[in-house]
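One letter stands for each residue in the lines below.
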Amino acid sequence: MAGGGRRHGRVHGGLYAVRCRYAELGLSQLLPLDRVLVGAESRRVGAFGGFQHLNQGYRHLQMLAVVTMHGPMEGDTPQRPELALLDLLRAYAHDCLHYGSRRRYISVGGKPTPTQYGINFRRPAGQCYSATDPQGSRHTRNLGIVMEGACDREAQRITREAAVRAGIREPEDTMGRLAFRDMTGTLSADDVTAKLREELTGEEVGYVERLCRFQAGVSRRYTSFLGEFAPGEEENLHDLLLAAVISGDTRGLGAWLDDRHGPGTFSGVFLASSYFEPAALELSA
């Protein structure tokens, strides 16, 4: 493929950036590349791949990342190699943080049961440390949203910097522009309109709908969280969050929040009232 050597150089440059940045945060072991499965071709007519693909994501128990090549998947060669490269870098950087997040499992009834993931906790009976956000909320008090938002914000930043270094510019067409802005964290609330969606066809429509839901439900809520609890210090709080997710230790994060908002801020913000409620007992006759 023409330009293959140059693209390989960009891949290695992106991976090096991931390795250096995550080492700063305390993550020394990245997701092994042999634990990343990339789907590049589909038998389904009109299949469209990328970070927002319906079946893409990290499998925590298997410690395996399942991703797809961005763009039409009618053949195993991407139509837009540069966009596909950026999308893969974003997905890998994102899933490296999932892979490197602190996890703890215990056996309950012979089944592995998660009790900690990053800075989020779950009791053996299933009660979650933080409650689900109300539908349509622009803010968050949910640790799952905070951690997902932090992971993707960092992955987008790395991808954005890689695009600048490689001289990859934003495409002019609708789908290419949306995808590029999603990959690089430059998507705005005004980028997706009803009229714009009318220009899309096939699986592109569902892809963009999921992109919009992720932007509204995760990215914007996380940005609002940073602005709410760390005005002018958003990046400091972001770094503390990621370091805590990797180590599973909330003491440094908690002390930082306490210093600015008073004692017990972490639990005051995130602890659901139902977390310590007694689990339902099953009484036999």
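**Student:** So what exactly am I meant to see when it comes to the nonpolar core here?
**Tutor:** Soluble, globular proteins show a tendency: their nonpolar side chains are buried together. Tyr22, Ile119, Phe225, Leu237 and Leu241 are the most contacted members of the largest nonpolar core, which totals 60 residues. If you tally residues by element for this core, the top one is helix 6 (residues 203-229), at 10 residues. Residues in contact with Phe225, not counting those within four places in the same chain, are Thr140, Val146, Leu237, Leu241 and Phe270.

**Student:** I would appreciate a short explanation of the sheet that holds strand 8 (residues 120-121) in the present structure.
**Tutor:** Sheet strands pair by backbone hydrogen bonding; their relative direction is either parallel or antiparallel. On the basis of which strands lie adjacent, the open sheet formed by 3 strands has the order 6-7-8 and antiparallel pairing. A strand with exactly one partner marks an edge of an open sheet, and here the two such strands are strand 6 (103-108) and strand 8.

**Student:** Whenever I open this one, the side chain of Asp152 confuses me. Can you help?
**Tutor:** Position of Asp152 relative to the elements: it lies in helix 3 (residues 143-166). The class for Asp152 is buried, based on a relative accessible area of 1%. Discounting chain neighbours no more than four positions away, the residues touching Asp152 are Phe51, Arg90, His94, Phe214 and Ser219.

**Student:** For this particular structure, what's the right way to read the pattern of salt bridges?
**Tutor:** If charged atoms from side chains of opposite charge come close, those side chains can pair. Summed over the entire model, instances satisfying the criterion amount to 17 salt bridges. Two residues, Arg21 and Glu154, come together in a salt bridge whose shortest N-O distance is 2.7 Å. With Arg21 in helix 1 (residues 4-24) and Glu154 in helix 3, this residue pair connects regions lying 133 residues apart in the sequence. The two residues Arg21 and Glu154 agree in class, both being buried. In this structure, Asp249 and Arg251 form a salt bridge, with 2.6 Å as the shortest nitrogen-oxygen distance.

**Student:** How should I be thinking about the pairing of strand 6 in this particular structure?
**Tutor:** Along any regular strand, the residues point their side chains to alternate faces of the sheet. When strand 6 meets strand 7 (residues 111-117), the two strands line up antiparallel, connected through 6 bridges. From the neighbouring strand, Val108 faces strand 7, where its bridge partner is Lys111. Taken together, strand 6 and the strand that follows it, strand 7, pair antiparallel across an intervening segment of 2 residues, in which Gly109 is found at a positive phi of about 65°.

**Student:** Mind showing me how you'd approach the packing of helix 7 (residues 234-247) against helix 8 (residues 251-261) here?
**Tutor:** In helix packing, the relevant descriptors are the interaxial angle and the interaxial distance, both defined with respect to the helix axes. Where helix 7 contacts helix 8, the axes come no closer than 8 Å and their chain directions differ by 150°. Judged on the interaxial angle alone, helix 8 and helix 7 are roughly antiparallel. Every residue of helix 8 that contacts helix 7 at Asn236, Leu237, Leu240, Leu241 and Ala244 is listed here: Leu253, Trp256 and Leu257. Its residues assigned to classes, the contact of helix 7 with helix 8 comprises 7 nonpolar, 1 polar and no charged.

**Student:** In this structure, what is going on with the packing of helix 3 against helix 7? I would like to understand it.
**Tutor:** At a closest axis distance of 10 Å, the pairing of helix 3 and helix 7 adopts a crossing angle of 110°. In terms of orientation, helix 3 lies roughly perpendicular with respect to helix 7. From helix 3, Val146, Met147, Ala150, Cys151, Arg153 and Glu154 reach across to helix 7, where they touch Glu235, His238, Leu241, Leu242 and Val245. Looking at side-chain class alone, the contact of helix 3 with helix 7 contains 7 nonpolar, 1 polar and 3 charged residues.

**Student:** What should I look at first to understand the sheet that holds strand 3 (residues 57-59) in this one?
**Tutor:** Within the open sheet, the 3 strands sit side by side as 1-4-3. Their pairing is mixed. Taken across any chain shown, the strands that pair with only one partner, and hence form the sheet edges, are strand 1 (36-39) and strand 3. On average, adjacent strands in this sheet sit at an angle of 20° to one another, irrespective of strand direction.

**Student:** Mind showing me how you'd approach helix 4 (residues 174-184) here?
**Tutor:** For the α-helix, the turn length of 3.6 residues means that residues three or four positions removed from each other point alike. In terms of burial, helix 4 is largely enclosed, as 10 of its 11 residues are buried. Directly after helix 4, the chain includes Gly185, whose backbone phi takes a positive value near 70°.

**Student:** Whenever I open this one, helix 7 confuses me. Can you help?
**Tutor:** Under the 1.5 Å per step criterion, the end-to-end length of helix 7 is 20 Å for 14 residues, consistent within 8% with the ideal 20 Å. Remark: Gly248 follows helix 7 within two positions and exhibits a positive phi of approximately 80°.

Definitions and cut-offs
- In this convention, every chain numbers its residues from 1, walking through the sequence in written order.
- With pLDDT at 70 or above as the cut-off, local features in this predicted model cover only qualifying residues; side-chain atom pairs require 80 or more to be listed or tallied, and sums for whole chains, interfaces and linings still use all residues.
- Only heavy atoms go into the side-chain values, all of them from the structure, while hydrogens and water stay out.
- Only buried residues count toward a nonpolar core, which is a set of Ala, Val, Leu, Ile, Met, Phe, Trp, Tyr and Cys residues joined through side-chain atoms within 4.5 Å.
- Think of it in three bands: residues with accessible area under 20% of the maximum for their type are buried, residues over 50% are exposed, and the middle band is partly exposed, with areas taken using a 1.4 Å probe on protein chains only.
- Helix and strand definitions here come from DSSP, where helices need a minimum of 4 consecutive H or I residues and strands a minimum of 2 consecutive E residues; each element is numbered from the N-terminal end.
- Contact between two residues is taken to exist if any of their heavy atoms lie within 4.5 Å; hydrogens are not considered.
- Any two strands between which DSSP finds at least two bridges are classified as paired.
- The salt bridge criterion pairs a side-chain nitrogen of Lys or Arg with a carboxyl oxygen of Asp or Glu, the two atoms within 4 Å.
- Comment: axis = line fitted to C-alpha atoms, over the contacting stretch for helices; angle = value between 0 and 180 degrees taken between N-to-C directions.
- When an angle is under 35 degrees it counts as roughly parallel; over 145 it counts as roughly antiparallel; between 65 and 115 it counts as roughly perpendicular; any other value is oblique.
- Just so you know the grouping, Ala, Val, Leu, Ile, Met, Phe, Trp, Tyr, Cys and Pro go in nonpolar, Asp, Glu, Lys and Arg go in charged, and all remaining residues, Gly too, go in polar.
- In this scheme, a helix's expected span is set at 1.5 Å multiplied by one less than its residue total.

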